[in-house]
Amino acid sequence: MELSDLKERLYEGVTDKLIEDFKEYVSAHPSSDEAYFLLGNAYRRQENWEDALNSYQNAMDINPDSPAKLAYDAIQEVLAFYNKDMYNQ
C-alpha cells in the first residue's frame, strides 16, 4: 500500500479500517514523518485527541520541521481553552 493511496482515502473520510492501514504503514515505515502526520490527522478527524497528539509527536521526533508541529500546537490550544461563559446554562 502506498502512502499516497492512504492520503487520498483520508480525504474521502476516516474509518477504523483506514486507521488500521495507517498503523500498518507506519509499522513498516517507522521513519516516515508524513505517515505519522497523516495518522494524526485521521485520529484528529475522529476527535481522538490523545492518539492524534501522540502521532504528531512521533512525526516531530522524526522531523522537527514537520507540519505536525502546527497541528500539535493547535490541538493543545483547543484542549487548553476554558471559558465557562461559553457554556449553555
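Residues numbered from 1 in each chain as written. Predicted model: local features only at pLDDT ≥ 70, side-chain atom pairs only at ≥ 80, totals over all residues. Heavy atoms only, no water.

Before going further, it helps to spend a moment on unusual backbone geometry. Positive phi, normally seen in glycine, also occurs at Glu47, with a value near 60°. Taking relative accessible area as the criterion, Glu47 reaches 58% and is therefore assigned exposed. (Buried < 20%, exposed > 50% of the residue type's maximum accessible area, 1.4 Å probe, protein only.)

Attention now moves to helix H4 (residues 49-62). Taking 1.5 Å per residue, 14 residues should reach 20 Å; H4 reaches 20 Å between its end C-alpha atoms and fits that length. In this fold, the buried residues of H4 make contact with helix H3 (33-45) and helix H5 (68-80). (Helix = DSSP H or I, 4+ residues; strand = E, 2+ residues; numbered from the N terminus. Expected span 1.5 Å × (residues − 1). Contact = heavy atoms within 4.5 Å.)

A few words on the nonpolar core. Counting residues in hydrophobic clusters, the biggest one holds 24 residues, and the most contacted among them are Leu3, Phe22, Phe37 and Tyr56. Secondary-structure elements contributing two or more residues to this core are helix H1 (3-12), helix H2 (16-28), H3, H4 and H5. Among the elements that make up this core, the one with the highest residue count is H3 (seven residues). In this structure Leu3 touches Phe22, Tyr25, Ser32, Glu34, Ala35 and Leu38, once residues within four positions along its chain are discounted. (Core = buried A, V, L, I, M, F, W, Y, C linked by side-chain atoms within 4.5 Å.)

The next thing to look at is a nonpolar patch on the surface. Taken together, the side chains of Trp49, Val78 and Leu79 make up a nonpolar region of the molecular surface, amounting to roughly 270 Å² of accessible area. Note on placement: Val78 falls in helix H5. (Patch = residues over 30% accessible without salt bridge, like charges linked within 9 Å, V, L, I, M, F, W, Y side chains within 5 Å. Areas by Shrake-Rupley, 256 points an atom, 1.4 Å probe, with all protein chains shown as cover. Salt bridge = Lys/Arg side-chain N within 4 Å of Asp/Glu carboxyl O.)

Another aspect to go through is the packing of H2 against H3. Between H2 and H3, the least distance of the axes is 10 Å, while the angle of their chain directions is 160°. One element, H2, and the other, H3, form an angle in the roughly antiparallel class. For the element pair H2 and H3, the recorded crossing hand is left-handed. Only Ala35, Tyr36, Leu38, Leu39, Ala42 and Tyr43 of H3 make contact with H2, whose side of the interface consists of Ile19, Phe22, Lys23, Tyr25 and Val26. Partitioned by chemical class, the residues of the contact of H2 with H3 number ten nonpolar, no polar and one charged. (Axes fitted to C-alpha atoms, helices over the stretch in contact; angles between N-to-C directions. Parallel < 35°, antiparallel > 145°, perpendicular 65-115°, else oblique. Left-handed = near helix turned anticlockwise from the far one by under 90°. Nonpolar A, V, L, I, M, F, W, Y, C, P; charged D, E, K, R; others polar.)

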